[in-house]
Amino acid sequence: MRQHYPDFFETAFTEGFRTEQHNYEYRLVPQEIGQLQVPTGKIVANDPLVMFETEPFTETFPTGSFPVQLAIAQVTPLDAAGATQGEMEPDERVALARIVFDDRPVASWKMAVWENSDVTQLAANEFFGYGVDAGTGAFMDEKACKRLESRLEQDEAFSEALMAEMDQTYKHTRSWLVKDMGDGCNIAMFSSGWGDGSYASYIGYDADGQIVRLLTDFYLVDWMEGQEGE
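A. A look at the sheet that holds strand S10 (residues 185-191). Strand order in the open sheet formed by 4 strands is S3-S8-S10-S9, and the pairing between neighbours is antiparallel. The two strands at the open ends of the sheet, each matched to only one other strand, are strand S3 (43-46) and strand S9 (176-182). With strand direction ignored, the average angle separating the axes of adjacent strands in the sheet is 15°. Two elements, S9 and S10, share 6 bridges in a ladder whose sense is antiparallel. When the sheet's bridge partners are listed, Leu177 is paired in S10 with Met189. The sheet contacts of helix H2 (residues 142-154) involve S3, strand S8 (136-141), S9 and S10, and relative to S8 the element is tilted by about 120°.

The structure is reproduced here in structure tokens:
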């Protein structure tokens with residue numbers, strides 16, 4: 001299993017990050033969307049509109065209120081000469097989403113997993129991720145997850161109401177929402193890269209082994225390409 005993770009997990013959230021892949025230019029812009037309430041320290045990452053995963057990651061995270069940030073890619077096609085086609089408005093996609101528990105720099109990353117995830121069985125470039133079927137990812141405390149589950153079961157229209165609220169931040173083709181779920185908890189929702197798929201999350205630790213980040217990568221930037229066997 002791959003043990004080394006790219007620098008852009010951090011640099012993507014700074015102004016000016018740019019890369020080219022597959023005849024497209026990606027310019028990443030950081031965007032803070034609000035504070036996530038983490039009362040229990042157990043965090044769930046999932047598609048909040050279909051709720052395939054409701055189990056929290058095995059790691060226990062710091063408790064409190066923490067900023068949620070997106071790295072939004074402005075995606076522009078390149079012509080045969082490698083120049084951007086300036087007359088076209090960039091397509092905006094959420095490339096990465098993260099919770100910042102502390103501003104200290106990340107010294108190491110580890111894949112976030114669930115109780116029965118056996119990382120020793122993963123081949124190179126394989127990962128454990130959560131399934132997306134409604135083009136949306138999220139972070140939430142386990143307490144918020146239970147409240148969301150209950151609300152979706154009781155009100156069939158609640159998912160449509162959430163999507164309508166997300167549309168208030170829509171720009172072709174991304175949106176986000178931080179939704180209060182009551183009782184001191186909320187959920188942070190955001191568009192998931194190109195849409196549906198399976199997406200892994202990663203925990204960032206500082207030099208003392210303390211958790212400082214939780215990040216989900218929506219694989220707009222194909223950092224795994226060419227890494228077979230590392």
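B. Local environment of helix H3 (residues 158-166). When H3 is considered as a whole, its buried residues turn out to be Phe158, Ser159, Leu162 and Met166. The buried residues of H3 all sit within an arc of 105° when viewed along its axis, so they share a single face. The secondary structure elements touched by the buried residues of H3 are S8, H2, S9 and S10.

C. Structural detail: the environment of Trp176. Mapping Trp176 onto the fold places it in strand S9. A residue is classified by how much of its surface remains accessible, and Trp176, at 13% relative accessible area, is buried. Along the chain, Trp176 and Glu126 lie 50 residues apart, while their C-alpha atoms are 28 Å from each other. The contacts of Trp176, once residues within four sequence positions are left out, are Gln31, Ile33, Leu70, Ile72, Met166, Thr169, Met189 and Phe190.

D. Just the environment of Val44, in detail. Among the structural elements, Val44 can be located in strand S3. Expressed as a C-alpha distance, the spacing of Val44 and Ser108, which sit 64 residues apart in the sequence, is 21 Å. When near neighbours in sequence (up to four residues on either side) are disregarded, Val44 contacts Glu53, Thr54, Glu55, Pro56, Ala138, Phe139, Met140, Glu142 and Cys145.

E. Spotlight on H2. With 13 residues, H2 should cover 18 Å at 1.5 Å per step; its first-to-last C-alpha distance of 19 Å lies within 8% of that length. The inward-facing, buried residues of H2 abut S3, S8, H3, S9 and S10. One side-chain oxygen of the residue at the start of H2 lies 2.8 Å from the amide nitrogen of Lys143, identifying that residue as Asp141.

F. The arrangement of the pattern of salt bridges in detail. Counted under the stated rule, the structure contains 14 salt bridges. Among the salt bridges present, the one from Arg98 reaches Glu10, with a minimum N-O distance of 3.0 Å. Taken together, the positions of Arg98 in strand S5 (residues 91-100) and Glu10 in helix H1 (residues 8-11) put the pair 88 residues apart, joining distant regions of the chain. Overall, the relative accessible area of 10% leaves Arg98 in the buried class. Here Glu10 falls in the partly exposed class, since its relative accessible area comes to 21%. Where Arg147 meets Asp183, a salt bridge forms, and the shortest distance between an N and an O atom there is 4.0 Å. Linking Arg147 in helix H2 with Asp183 in the loop between S9 and S10, this pair joins segments that are 36 residues apart in sequence. Since its relative accessible area comes to 35%, Arg147 is described here as partly exposed. In the salt-bridge network here, residues are joined through shared partners; they are Arg18, Glu20, Glu25 and Arg27.

Conventions adopted
Residues numbered from 1 in each chain as written. Predicted model: local features only at pLDDT ≥ 70, side-chain atom pairs only at ≥ 80, totals over all residues. Heavy atoms only, no water. Pairing = 2+ DSSP bridges. Helix = DSSP H or I, 4+ residues; strand = E, 2+ residues; numbered from the N terminus. Axes fitted to C-alpha atoms, helices over the stretch in contact; angles between N-to-C directions. Contact = heavy atoms within 4.5 Å. Buried < 20%, exposed > 50% of the residue type's maximum accessible area, 1.4 Å probe, protein only. Arc of directions from axis to C-beta. Expected span 1.5 Å × (residues − 1). Polar contact = N/O pair within 3.5 Å; in protein donor to acceptor, adjacent residues only side chain to side chain. Salt bridge = Lys/Arg side-chain N within 4 Å of Asp/Glu carboxyl O.

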